[in-house]
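A look at the structure
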Amino acid sequence: MFDFNDAEEQRAGFGGELIPEGTIAVVVAMLRPGGQGPDGILRGSDTGASMLDFEFTIQGGDYDRRKIWNLYVVDGVTEGHEKAKNISKSALRAMLEAARNIRPDDASPAAVKARQIAGYGDLNGLTFPIEIGVDAGKLKDKTSGPGGERWPDKNIIRAIVTPDREEYT
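The following refers to the structure shown.

Conventions we followed
- Residues numbered from 1 in each chain as written.
- Predicted model: local features only at pLDDT ≥ 70, side-chain atom pairs only at ≥ 80, totals over all residues.
- Heavy atoms only, no water.
- 1 Å grid on protein atoms, 1.4 Å probe; cavity = no way out; pocket = protein on both sides within 12 Å on 5 of 7 lines; lining within 4 Å.
- Points joined across faces, edges and corners; volume = space filled by probe spheres on them.
- Helix = DSSP H or I, 4+ residues; strand = E, 2+ residues; numbered from the N terminus.
- Nonpolar A, V, L, I, M, F, W, Y, C, P; charged D, E, K, R; others polar.
- Core = buried A, V, L, I, M, F, W, Y, C linked by side-chain atoms within 4.5 Å.
- Buried < 20%, exposed > 50% of the residue type's maximum accessible area, 1.4 Å probe, protein only.
- Contact = heavy atoms within 4.5 Å.
- Polar contact = N/O pair within 3.5 Å; in protein donor to acceptor, adjacent residues only side chain to side chain.
- Phe/Tyr/Trp six-rings, centres within 6.5 Å; stacked < 30°, edge-to-face > 60°.

Topic: the layout of surface pockets
The space that makes up the second largest pocket amounts to roughly 270 Å³. Every residue lining the second largest pocket is counted, 13 residues in all, and those nearest its centre are Lys89, Leu92, Arg93, Ile117 and Tyr120. At the level of elements, strand 4 (67-75) and helix 1 (79-99) are the ones that each hand at least two residues to the lining of the second largest pocket. When residues of the lining of the second largest pocket are assigned to their parent elements, the largest contribution, six residues, is made by helix 1. Here the residues of the lining of the second largest pocket sort into seven nonpolar, two polar and four charged.

Written as structure tokens, this is what we have:
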């Protein structure tokens, strides 16, 4: 028997309420292991890409404990994978800069070292601010045309807020 009488009531926002576009929030980044790669951290795709699967948990404020998920391509076999890898690498750099209080234009030896990690596991637990966006739901069936059934809108990371931005404080 399982008794849920002592559980907290469901909080507002877990029923599909989106966090407003442009909201700034502090998150903790956690990698969800995918079982691939030398340390099992990478997640594979059916297209041949290797990705980091992140879960970002908001810390504090009106949206405390809400989550946003994102995949970052780190390797692949196609030209598209290479483009995605470069975009992901920029995002991972921004995570390190935001978490370690390094301005993107800082080229000092300390900043160069702060942008280096020994392995992807070093990204676990990074805490930094983000700007939240809203991504319109995509078509469930791409052949159905513009009026076809869509997935619900979802929150995304619009940008990682680095120390050069006013919102960083």
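Observations regarding the nonpolar core
Judged by nonpolar contacts, the single largest core of 28 residues is most densely connected at Leu52, Phe54, Phe56, Met95, Phe128 and Ile160. Those elements giving two or more residues to this core turn out to be strand 1 (24-31), strand 3 (50-58), strand 4, helix 1, strand 5 (127-135) and strand 6 (154-160). Here this core gets six residues from one element, more than from any other, and that element is helix 1. If we ignore the near neighbours within four places in the chain, the residues touching Met95 are Phe54, Phe56, Tyr72, Leu126, Phe128 and Ile160.

What about the side chain of Thr23?
Tracing the backbone shows Thr23 in the segment before strand 1. Assessed through its relative accessible area of 17%, Thr23 is described here as buried. A polar side-chain atom of Thr23 sits 2.7 Å from the main-chain carbonyl oxygen of Pro20. Contact partners of Thr23, with chain neighbours within four places excluded, come to Tyr63, Ile130, Glu131 and Ile132.

What about the packing of aromatic side chains?
Scanning the entire structure with this criterion turns up three aromatic pairs. Between Phe54 and Phe56, the aromatic rings sit 5.3 Å apart at their centres with planes inclined by 10°, giving stacked as the arrangement. Overall, the relative accessible area of 0% leaves Phe54 in the buried class. Judged by relative accessible area, Phe56 falls into the buried class, the value being 0%. Both rings, one in Phe54 and one in Tyr72, keep their centres 5.5 Å apart while their planes meet at 85°; by these two values the pair is edge-to-face. Highlighted residues: Phe54 in strand 3 and Tyr72 in strand 4, separated in sequence by 18 residues. Taken individually, Phe54 and Tyr72 each receive the classification buried, so the pair is uniform in this respect. A connected cluster of aromatic rings, assembled from ring pairs, spans Phe54, Phe56, Tyr72 and Phe128.

Here's the deal with the environment of Ala25
Positionally, Ala25 belongs in strand 1. Relative accessible area serves as the criterion here: at 10%, Ala25 is assigned to the buried category. C-alpha of Ala25 to C-alpha of Thr57: the two residues are 32 residues apart in sequence and 9.6 Å apart in space. The contacts of Ala25, once residues within four sequence positions are left out, are Ile58, Phe128, Pro129, Ile130 and Ile132.

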